[in-house]
Amino acid sequence: MKVVLLLAAGAHWETSALRVLTGRRDLVVLKRCVDVDDLLATATSGQADTAVVAIEAPGLDLAAVDHLGTHGVRAIAVVADEAGTVRAGRIGVRTCVDDVEELPEAITTDQAPQPPPPDQVEEQAPTTRGRVLAVWGPAGAPGRTTVAIALAAALGRRARTTLVDVDPYGGTVAQALGILDEVSGLLSAARLAATGMLEERFASVQRALDRQLTVVTGLPRPDRWSEVRPGTVELLAEIAGHHGHVVLDTGFSLDEDDLSGRPGRHQLTLAALDAADEVLVVGTADPVGLSRLVRALVDLRERRPMTPTRVVVNRMRPTIGWTERAISQMLADFAQPVGLHFLPEDRATVDRALVTGRTLHETNAESPLATGVDELAAALLAGAEPREARRLRRRTAGTARPR
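To start, this report covers the structure provided alongside it.

What counts, and at which threshold
Residue positions within a chain follow its written sequence, with the count starting from 1. Totals for whole chains, interfaces and linings use every residue, but because this is a predicted model, local features are given only for residues with pLDDT of at least 70 and side-chain atom pairs only at 80 or more, for both listing and counting. The basis for every side-chain value is the complete set of non-hydrogen atoms in the structure, without hydrogens or water. Numbering of helices and strands runs from the N terminus; a helix is a DSSP stretch of H or I covering at least four residues, while a strand is a stretch of E covering at least two. Partly exposed residues are those whose accessible area sits between 20% and 50% of the maximum for their type, while under 20% is buried and over 50% is exposed, using a 1.4 Å probe and protein chains only. By definition in these notes, contact holds between two residues if any of their heavy atoms fall within 4.5 Å. In this description, accessible areas are obtained by the Shrake-Rupley approach with a 1.4 Å probe, and a residue is regarded as covered only by the protein chains that are shown. Only strands that DSSP links by at least two bridges are regarded as paired with each other. When the strands point away from the viewer and the connection leading from the first strand across the helix to the second strand turns clockwise, the crossover is called right-handed. What counts as a salt bridge is simple: a side-chain nitrogen of Lys or Arg found within 4 Å of a carboxyl oxygen of Asp or Glu.

## Re the overall build of the protein
- For the protein, the count of helices and strands is 16 helices and 13 strands.
- Classification of the 403 residues of the protein by burial places 53% in the buried group.
- Taking as baseline every contact in the protein between residues at least 6 positions apart, the subset at least 24 positions apart corresponds to 76%.
- By element, 50% of the accessible surface of the protein is carried by carbon and sulfur atoms, the whole surface being about 17,900 Å².

## So, the pairing of strand β2 (residues 27-32)
- Sheet topology places strand β1 (residues 2-7) next to β2; 5 bridges connect them, and they run parallel. Opposite V4, over in β2, you have V29 as the bridge partner.
- With helix α1 (residues 14-22) bridging β1 and the parallel β2, this β-α-β connection has right-handed handedness.

## Describing the pattern of salt bridges
- Across all of its chains, the model carries 18 salt bridges by this definition.
- Taking the shortest distance from any N to any O, the salt bridge between D38 and K31 comes out at 2.7 Å.
- D38 sits in the buried class, given a relative accessible area of 16%.
- With a shortest N-O distance of 3.9 Å, R317 and D286 are connected by a salt bridge. Of this pair, R317 sits in the loop between β12 (309-316) and α12 (324-331) while D286 sits in the loop between β11 (278-284) and α11 (287-303); the two residues are 31 residues apart in sequence, bridging distant segments of the chain.
- By relative accessible area, D286 is classed as buried at 18%.
- By sharing partners, the salt bridges in this structure join E82, R352 and R358 into a single network.

Have a look at this one:
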């Protein structure tokens, strides 16, 4: 006899699932749970051995699935598409069905629930501080968020990494990764920072993608930037840095404040740059994108002259007609970055990752773009400079900086 808990979270298949499950003598539905908290509390009683869950249920994450496993309850997810299957795998759900008629067979198949491993992301205690990296760039959608997500995933394959969305115009990291979160991690962090409890409850503002990569989701709407008080981003980066590497996905503007003299919307971006050990400036490999990149590098140098800068030229493609060497020579008159990297145009992989809620590496780890991001991550951790960057630095050594 299998005892089942059901959490449909308002999904249309709930009635059909009840019909299928209650029609079997070897299955008993113990409770229809109203939310994840109700599910976890009921699982603690030890009376159930299976939980049938809607993968989109708010609050269903790695920690929740681990809690179920601890109390001997195996999770089975009902998914609608490939993106749902990907999310289920990320949070540790090993059995998925896309048709509720398959539930009896999935439930009665002997498979012991997996206990949480000893190295849960919430419990790791690194002995050294990770690097804090801000991904910034000019207006015009040069690919800041795409680079930030891919870089965080690449770093996460090496060490514990937190991706933080601090875009003051409303973050898109959660959407890009298929994270269904009704509560903004950034706003939660702001509230906890105000009460002095952010460090103690840091795990509660993250969503785990796997054992080493977590995400602090951004603003749900652009108008809510004012709820993030000054000092929140710096504190969040500092605390996250004690757990591993940190990647900050920022906005584009470096305006200091609004007309009233009070900290304005762009304070979130400026705070991220101040907190960063290194800033990655992202620009696109076309005439408009490169002109914007040059102006951005000059602005950044004037406003943050002591911040180490690494330039990432995104969407390199042969149809532009410029070589890496030509772009390096053009940038030499405006910047002295600690690194210069080129990422190839790979629209097919980016689109596939976006529609499935996957990272580039999950989509196609062998793609040229994923390989380029891996090389970028390796250079960041090793402190090595690519060949073209060394040439650029030698070329600009001893020259006066333009004003």
